[in-house]
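Here is how the chains run, residue by residue.
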Amino acid sequence: MAKRILDYDPLTAITTTFDYDHATDETIIGRHQDVGLILDMNKAVANDDEITKIGIKSGWWQYATIPNIIIEKFRTEHGVDFFNKDHSKAVFRLLNQPEYRYLKTTTKMHRG
């Protein structure tokens, strides 16, 4: 059986799919989001040091743009709630890991 779309959320662009593997008797619920444009923008901004300098001088710093599907992954795989201010150090710790550097919009490090 091919994957079947269960839901599509136009606000987040997240698609929920259903798949069943008869050989292993496994049901698989998947969540997918096309994040290509976000990651391209992150890379472009990260490669422009002037954006970081201007932001810091102006009292703000765009450190990352995190797609919704990754926010879900942080919660389910790492137990980190992006929207909980008590988890902000854990969010920065994850963003500073090589595995998630593509989410950052700067080459600098935030110490949390």
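Use the structure listed above.
In short, a report on the structure. (Residues numbered from 1 in each chain as written. Predicted model: local features only at pLDDT ≥ 70, side-chain atom pairs only at ≥ 80, totals over all residues. Heavy atoms only, no water.)

Below, the discussion takes up the layout of surface pockets. Each pocket or cavity is described by its volume, and for the largest pocket that value is around 160 Å³. In terms of lining residues, the largest pocket is bounded by 14 residues, among which Ala-46, Arg-101, Tyr-102, Lys-104 and Thr-106 are the most central. With four residues, helix H1 (residues 36-46) is the largest single contributor of residues to the lining of the largest pocket. Residues belonging to the lining of the largest pocket are distributed by class as follows: six nonpolar, five polar and three charged. (1 Å grid on protein atoms, 1.4 Å probe; cavity = no way out; pocket = protein on both sides within 12 Å on 5 of 7 lines; lining within 4 Å. Points joined across faces, edges and corners; volume = space filled by probe spheres on them. Helix = DSSP H or I, 4+ residues; strand = E, 2+ residues; numbered from the N terminus. Nonpolar A, V, L, I, M, F, W, Y, C, P; charged D, E, K, R; others polar.)

Using the criterion set out here, one finds five aromatic pairs in the structure. Ring-pair connections join several aromatic residues into one group, and the members of that group are Trp-61, Tyr-63 and Phe-92. (Phe/Tyr/Trp six-rings, centres within 6.5 Å; stacked < 30°, edge-to-face > 60°.)

Scanning the model with the defined rule gives two salt bridges in all. Asp-81 is paired through a salt bridge with Arg-75; the nearest N and O atoms lie 2.8 Å apart. The class for Asp-81 is buried, based on a relative accessible area of 17%. (Salt bridge = Lys/Arg side-chain N within 4 Å of Asp/Glu carboxyl O. Buried < 20%, exposed > 50% of the residue type's maximum accessible area, 1.4 Å probe, protein only.)

Here we come to helix H3 (residues 68-78). Taken together, the buried positions of H3 are occupied by Ile-69, Ile-70, Ile-71 and Phe-74. Looking at the buried side of H3, the elements it contacts are strand S2 (14-21), strand S3 (26-33) and helix H4 (88-95). (Contact = heavy atoms within 4.5 Å.)

In short, shape yes, function no, at least from these values alone.
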